[in-house]
Protein chains: 2
Amino acid sequence: MWFMRQAGRSLPEYRELRVGSKMLDACLDPHLSSEITLQPVRRHGVDAGIFFSDIVVPLKLAGVDVDIVPGRGPVLGAPIRTAADVAALRPLDPEALAPIAEGVARTVAELGNTPLIGFAGAPFTLAAYLVEGGPSKDHLRARTLMHADPETWDALLTWAAGVTGAFLRAQVLAGASATQLFDSWVGSLAVADYESRVAPYSAMAIGHVKDLGVPVVHFGVGTAELLPSMLAIGADVMGVDDRIPLDEAVRRLGNGVPLQGNINPALLAAPWPVLEAHVLDVIRRGRPARSHVLNLGHGVPPETDPDVLTRIVELAHSPVPESVHG
Amino acid sequence: MWFMRQAGRSLPEYRELRVGSKMLDACLDPHLSSEITLQPVRRHGVDAGIFFSDIVVPLKLAGVDVDIVPGRGPVLGAPIRTAADVAALRPLDPEALAPIAEGVARTVAELGNTPLIGFAGAPFTLAAYLVEGGPSKDHLRARTLMHADPETWDALLTWAAGVTGAFLRAQVLAGASATQLFDSWVGSLAVADYESRVAPYSAMAIGHVKDLGVPVVHFGVGTAELLPSMLAIGADVMGVDDRIPLDEAVRRLGNGVPLQGNINPALLAAPWPVLEAHVLDVIRRGRPARSHVLNLGHGVPPETDPDVLTRIVELAHSPVPESVHG
C-alpha cells in the first residue's frame, strides 16, 4: 500500500523543507526531490515510495514556459493552441533529465528493499494544461481542439507522448521498479473520444518503458466508464478512483486485473471508526481482484492529518479482521 | 429543443445589456432577467426559454453573503462549515422572491405559446459552494462534511432544500411550465453516498413543486453511474451529459423515461459538417427514449459563436434526414 500524493503538503517536514524553494526548482534538485520522496516512507511505513516530481516537469525540461503557482497549479506563459504553437515545441533533450535520474538513483539507494514508483502525466492530461494555459474546470479548450483541429491535436499529443515517455523511461532506468501514468482529467471524455483521440497517445507514452519490464499502473478520476479502454492501452494495474467500489471495477475489468485504490479522501477527516470501517470495506471489495494495491481513490488532500495516514497503514498491515473475509 | 445557458455570455446583446450591472443585481431586476431570458428565444428560435437567474439567488435572498465574481463564480463572504454556521442560516422569506416572480410573469407574458422553464440548484451542489466558500475542483470539503459531521450535513442540506424548493415553486406559481433541478457537481460522488446523503434532500427540494403538476428535468455532469438514482428522486425527465450516448442512457434507465441532451459542447467550434453529423447522431441515439428534448450535454460555453447555435436549431427543426432513421 501507498498513498497518491503521500509526498507533499500534508507533511510538516515537507513544508519545512520547501520553505524558500519553488515547486519546479525542488523537483529539479536531486537532494530535495529524494529527501521529499523518502519523508512519507519513513513517517508512515508505506510499502512504496513515489518519486516526488510533477507531471509538467518534462514540459519544463523541453523548454515550455510553465510554472507551478501555489494554490492554483501549473500555469503557462502562453497557451499552446494553434498548429504554429505546436510546431514550435521542441523535443526533450535526454541530457536535461539528468537531475531526475540523479534524484531517482539517490532515492533508490536510500530506500533499500522498499520499491520506488516512477510516474508521468498522460498526454491528454498534459494537453489539458497546455491548451487551456492552466488548470480548468472542464478542459473544454483541449476537448474542443481534438474535434476542431484533429491534425494539430495529433501533433500535440504525439509530442506530449514523447516527452512524458522519456521522463518515465529516465526514472525506470535510474532504478524505479514500477510506474504510474496519471491521466487525471480523462474522466471528462466520452468513451468514443477517449478511444479514438486519446488512448493511442497514452499507449505511445508507455511504449517508452514497455521493454524495461516494469509494471505500469494507470489512473484517472471519474473513469468508471473508461476503465476497460484505459486498461487496453497496455496498463498492468488499474487505479480506481473513489466513485465506484472495487468489486464493481472487477465486474467491469474481469478478475485477472490487479487493482489499485480506492479509499475515499473525503473520509480522512471522519471519526476513526467510520474511516476504519471504510478501509476494511475497501480491502474486502478488493479481494475478488487478482491482486490489490491499497491506496486512496485520489491524492492526499493537503489539509490531511498525517497521523490518520499512518494509522491506515498500521490497520492495513495488521492481521486482517474476520469481518473482512466475509 | 433548447440550450442550457442559452441566455448569457455567448450573446452580444446580453453582454451589452449587462454592462454596468452585477450578475446578482441583474437576476433580481425583473426587467433585466426577463429581457435576458427572451434574447436567445428571439435569436435562435429555440422551443423554450429558461429563466435567467443563478442557483445561488435563493441563498442571497435568504441572507447569505454571496456574490458572483466574474471569471470565478459564486464566492461567499465566509464558508458555512460548522454546526453553528448552519444554525445561523435563516429561512427564506417568501416576500423576498417577489422580483423572481415578477421576472417570470413578465417573461411568460412575452413568450406567448413558447414555454418557460424554471430552475434551481440541488442541495448538494449548493452545499458544494457553501462549504467550500466558492468554486472548487472536487468539492472535497462538502464531501468530507457529509462523513465527518453527518448531523451538520443533514441540517445544511435540509435548509438548502427548503430555500431552493421555495425558489423553484415561486417560478412555477408565476407561470413557468417546467422546471430543471441542476445538481451540477453530483458526479463527484459514489452511488452509495449519493443515495444515502444527497438524494433525500433533492427529493425534498422537488417536493415543493410536486403538487403543481409540472415536469421536473434533473441534470448533473459526470452522472453516467448515477442516472437511475437521480431519476428515483422523482424526476420526470433525465438530463444526460455528453459522456455517454443517449442510447446507453436508455439502456440504463429503460425506454419509458424522457431524456434531455446531449450535444457535446466541445464540438461547437468544430467544422460544421463534423458538428452536423454529431447532432444527427445525438438525435438518432435519442430515438429509443420515450421522448427526447434536444439540448447540449453541458452549458453553452461563453466563447461560442451564437450563429452556430442558431444553425443547430434550424437543423433540428428541419425534416429529419433519412440517415437518422437508421
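Now for a description of the structure that goes with this document.

How each quantity is defined
Residues numbered from 1 in each chain as written. Chains lettered and ligands numbered in written order. Predicted model: local features only at pLDDT ≥ 70, side-chain atom pairs only at ≥ 80, totals over all residues. Heavy atoms only, no water. Pairing = 2+ DSSP bridges. Helix = DSSP H or I, 4+ residues; strand = E, 2+ residues; numbered from the N terminus. Contact = heavy atoms within 4.5 Å. Axes fitted to C-alpha atoms, helices over the stretch in contact; angles between N-to-C directions. Buried < 20%, exposed > 50% of the residue type's maximum accessible area, 1.4 Å probe, protein only. Phe/Tyr/Trp six-rings, centres within 6.5 Å; stacked < 30°, edge-to-face > 60°. Expected span 1.5 Å × (residues − 1). Arc of directions from axis to C-beta. Buried area = accessible area lost by both parts, 1.4 Å probe. Salt bridge = Lys/Arg side-chain N within 4 Å of Asp/Glu carboxyl O. Polar contact = N/O pair within 3.5 Å; in protein donor to acceptor, adjacent residues only side chain to side chain. Nonpolar A, V, L, I, M, F, W, Y, C, P; charged D, E, K, R; others polar.

All names here are of chain B. Here seven strands make up an open sheet; going across it, the order is 1-4-5-6-7-8-9 and the pairing parallel. The open sheet is flanked by strand 1 (49-50) and strand 9 (292-296), the only strands paired with a single partner. Pairing analysis gives two bridges linking strand 1 to strand 4 (residues 116-121), with the strands arranged parallel. Within strand 4, the residue paired with Gly49 across the bridge is Leu116. Along the sheet face, helix 13 (residues 246-253) touches strand 7 (237-239), strand 8 (259-263) and strand 9 and points at about 150 degrees away from the line of strand 8.

Moving on to the sheet that holds strand 8 (residues 259-263) of chain A. All names here are of chain A. Overall, parallel pairing links the seven strands, which are arranged 1-4-5-6-7-8-9 in an open sheet. Edge positions in the sheet fall to strand 1 (49-50) and strand 9 (292-296), since each of these pairs with one other strand and no more. Pairing geometry for strand 6 (residues 216-219) and strand 7 (residues 237-239), over two bridges, is parallel. Bridge pairing in strand 7 links Val217 to Val237. Here helix 13 (residues 246-253) sits on the sheet in contact with strand 7, strand 8 and strand 9, set at roughly 150 degrees to strand 8.

Quick look at helix 13 of chain B now. All names here are of chain B. Of all eight residues making up helix 13, six are buried, and the element is well covered by its neighbours. Taken residue by residue, helix 13 has Leu246, Asp247, Glu248, Ala249, Val250 and Leu253 as its buried positions. Structurally, helix 13 contributes buried residues whose contacts are with helix 12 (227-231), strand 7, strand 8, helix 14 (272-286) and strand 9. Following helix 13 by one or two positions, Gly254 adopts a phi angle in the positive range, close to 85 degrees.

Right, let's talk about the packing of aromatic side chains for a bit. This model, assessed by the stated rule, comprises ten aromatic pairs over all chains. Aromatic side chains Phe182 of chain A and Phe219 of chain A sit 6.1 Å apart centroid to centroid with 80 degrees between the ring planes, which places their arrangement in the edge-to-face category. A residue pair is termed long-range when its members are at least 10 positions apart, and Phe182 of chain A in strand 5 (residues 178-182) and Phe219 of chain A in strand 6 qualify at 37 residues. The exposure class assigned to Phe182 of chain A is buried, which follows from its relative accessible area of 14%. With 5.6 Å between their ring centres and 85 degrees between their planes, Phe119 of chain B and Phe182 of chain B make a pair best called edge-to-face. With Phe119 of chain B in strand 4 and Phe182 of chain B in strand 5 (residues 178-182), this residue pair connects regions lying 63 residues apart in the sequence. Put simply, the rings of Phe119, Phe167, Phe182 and Phe219 of chain A touch in pairs and so form one group of aromatic residues.

Let us look at helix 6 (residues 98-111) of chain A. All names here are of chain A. For helix 6, spanning 14 residues, the distance from its first C-alpha to its last is 20 Å, which sits close to the expected 20 Å at 1.5 Å a residue. Three or more residues of helix 6 are buried, namely Ile100, Gly103, Val104, Thr107 and Leu111. The arc that holds the buried residues of helix 6, viewed along the axis, is 95 degrees, so those residues lie on one side. Close packing links the buried residues of helix 6 with helix 2 (23-27), helix 3 (30-44), helix 4 (57-61), strand 4 (116-121) and helix 9 (150-173). Just downstream of helix 6, Gly112 is the residue with a positive phi angle, here 65 degrees.

All right, on to the environment of Ala128 of chain A then. Residue and element names in this part refer to chain A. Along the polypeptide, Ala128 turns up in helix 7 (residues 123-132). Among the residues examined, Ala128 registers a relative accessible area of 2% and is labelled buried. When the C-alpha atoms of Ala128 and Ile80 are compared, they prove to be 10.0 Å apart, with 48 residues separating the residues in sequence. Those residues in contact with Ala128 that lie beyond four places of it in its chain are Gly134, His139, Ala142 and Trp185.

Contacts between the two partners involve 30 residues from chain A, matched on the other side by 30 residues from chain B. Here chain A meets chain B over a buried area of about 2,300 Å², counting both sides, of which 54% is carbon and sulfur. The salt bridge involving Glu225 of chain A is made with Arg252 of chain B; its shortest N-O contact spans 2.8 Å. Our count for the chain A to chain B interface comes out at six residue pairs in polar contact (both at pLDDT 80 or more). Secondary structure elements with two or more residues in the side of chain A that touches chain B: helix 8 (140-148) and helix 10 (191-197) of chain A. In terms of residue count, helix 8 of chain A provides more of the side of chain A that touches chain B than any other element does, five residues in total. Here the side of chain A that touches chain B is composed, by residue class, of 15 nonpolar, six polar and nine charged.

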